[in-house]
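Next come the chains, spelled out residue by residue.
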Amino acid sequence: MESGFDYEQLRREYTIEYPEYFNFAFDVIDRHARENGNRVALHFVDEDYSEERLTFRDLRIQSNRIANFFQGLGIERGDRVLIMLPRIPAWWLIMIALAKLGAVAVPSATTLQPKDIGYRTSRASIRMVIATPQDVPKFESIRDSMDTVKHFVCVGGDLSGWIDFWSGIAPSSPEFVPLGGAHSTRIDEPLLMYFTSGTTGYPKIVTHTHAYALAHRSTAELWHDL
């Protein structure tokens, strides 16, 4: 941070302008895709040191395909989707796609056990779950009790009773038009739904709106010093 920086003054004066409509996926990711499409947006290094680079154009096209795929399954604005994936590129692509749909992402740690999954799916009325083959058995052990879940999607495997994620998005269009044609969401619409750790009782729901992404402007300016 530059010398002479007055934190107390900044704290008193700092404000963020919130528009009535905002959608990080359309207004930031897709904008970069139009203006800086070939720029690397995600550089992923796996445990075996294999690398994958995705440009902003890649993020736009792939998230559009995923959004079309999910929309075809009947996922609508406001539907809750539990994502139980390790931090692989599909995680980011799915998060962007759900924002475009106006659906609510419920990111969940891969360390969750069946009782944790069951509580979350019931408490949040989860409509779709997404997992890798490694975690599918956890869901299968309680599948009969997951009344609200309509779709089970597997990333990285073709398993009985589960929709193959990569096969599902392959035929989808790279252009996405949300139902109703609206390419944005109100700033106060829900975007993310987290569950607390539950160390002193049952986990509690914490919901963030689409303003959450704009709020991270302060993170970028004051923590990352951009």
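Summarised in this report is the structure supplied together with it. (Residues numbered from 1 in each chain as written. Predicted model: local features only at pLDDT ≥ 70, side-chain atom pairs only at ≥ 80, totals over all residues. Heavy atoms only, no water.)

## Points about the packing of aromatic side chains
Enumeration over the complete set of coordinates arrives at seven aromatic pairs. Here Phe69 and Phe70 contribute two aromatic rings whose centre-to-centre distance is 5.6 Å and whose plane-to-plane angle is 40 degrees, an arrangement assigned as tilted. Their ring planes at 80 degrees and their centres at 5.4 Å tell us that Trp91 and Trp92 sit as a pair that is edge-to-face. Residue Trp91 is classed as buried on the basis of its relative accessible area, which comes to 11%. Above the plane of the ring of Trp91 lies Arg87, whose end atom (NZ or CZ) is 4.2 Å from the centre. Stacked on the ring of Phe152, the Lys or Arg Arg143 has its end atom at 3.8 Å from the ring centre. (Phe/Tyr/Trp six-rings, centres within 6.5 Å; stacked < 30°, edge-to-face > 60°. Buried < 20%, exposed > 50% of the residue type's maximum accessible area, 1.4 Å probe, protein only. Lys NZ or Arg CZ within 6 Å of the ring centre and 35° of its normal.)

## Some words on helix α2 (residues 24-35)
Side chains three or four residues apart in an α-helix point the same way, a direct result of the helix having 3.6 residues per turn. Spanning 12 residues, α2 covers 15 Å between terminal C-alpha atoms, matching the ideal 16 Å at 1.5 Å per step. Among the residues of α2, those classed as buried are Ala25, Phe26, Ile29, Asp30 and Ala33. For α2, the buried positions fall inside an angular range of 115 degrees around the axis, keeping them on one side. Buried residues along α2 sit in contact with α3 (56-73) and α4 (89-101). Sitting at the amino-terminal end of α2 is Asn23, which places a side-chain oxygen 3.0 Å from the backbone nitrogen of Ala25. (Helix = DSSP H or I, 4+ residues; strand = E, 2+ residues; numbered from the N terminus. Expected span 1.5 Å × (residues − 1). Arc of directions from axis to C-beta. Contact = heavy atoms within 4.5 Å. Polar contact = N/O pair within 3.5 Å; in protein donor to acceptor, adjacent residues only side chain to side chain.)

## Quick word on the packing of α2 against α3
Packed helices, taken two at a time, are described by their axes: the angle between them and the distance between them. Running from N to C, α2 and α3 point in directions that differ by 125 degrees, and their axes come no closer than 8 Å. By the criterion of interaxial angle, the relationship of α2 to α3 is oblique. Between α2 and α3 lies a crossing of left-handed hand. Between α2 and α3, the residues in contact are Ile29, Asp30, His32 and Ala33 and Phe56, Arg57, Leu59 and Arg60, respectively. Among the residues forming the contact of α2 with α3, the class breakdown is four nonpolar, one polar and three charged. (Axes fitted to C-alpha atoms, helices over the stretch in contact; angles between N-to-C directions. Parallel < 35°, antiparallel > 145°, perpendicular 65-115°, else oblique. Left-handed = near helix turned anticlockwise from the far one by under 90°. Nonpolar A, V, L, I, M, F, W, Y, C, P; charged D, E, K, R; others polar.)

## Description of the nonpolar core
Residues Phe70, Ile83, Ile94, Leu98, Ile130 and Phe165 are the most contacted members of the largest nonpolar core, which totals 37 residues. For this core, the secondary-structure elements that each account for two or more residues are α2, α3, β3 (80-84), α4, β5 (128-131), α7 (165-169) and β8 (190-195). If near-sequence neighbours (up to four positions away) are discounted, Ile130 is found in contact with Phe70, Val81, Leu82, Ile83, Met84, Leu85, Ile94, Val153 and Val155. Among the nonpolar cores identified, the runner-up in size contains 20 residues, and Ala124, Ala131, Trp162 and Met193 belong to it. (Core = buried A, V, L, I, M, F, W, Y, C linked by side-chain atoms within 4.5 Å.)

## As for the pattern of salt bridges
Overall, the coordinates contain 12 salt bridges when judged by the stated rule. In this structure, Arg60 and Glu175 form a salt bridge, with 2.6 Å as the shortest nitrogen-oxygen distance. Taken together, the residues Arg60 in helix α3 and Glu175 in the loop between α7 and β8 connect sequence positions 115 residues apart. The closest approach of N and O atoms between Arg217 and Glu221, which form a salt bridge, is 2.9 Å. Here the residue Arg217 and the residue Glu221 both occupy positions in helix α9 (residues 217-223), the gap between them amounting to four residues, near one helical turn. Owing to a relative accessible area of 27%, Glu221 belongs among the partly exposed residues under this scheme. Through salt bridges with shared partners, a single ionic network connects Arg77, Arg186, Asp188 and Glu189. (Salt bridge = Lys/Arg side-chain N within 4 Å of Asp/Glu carboxyl O.)

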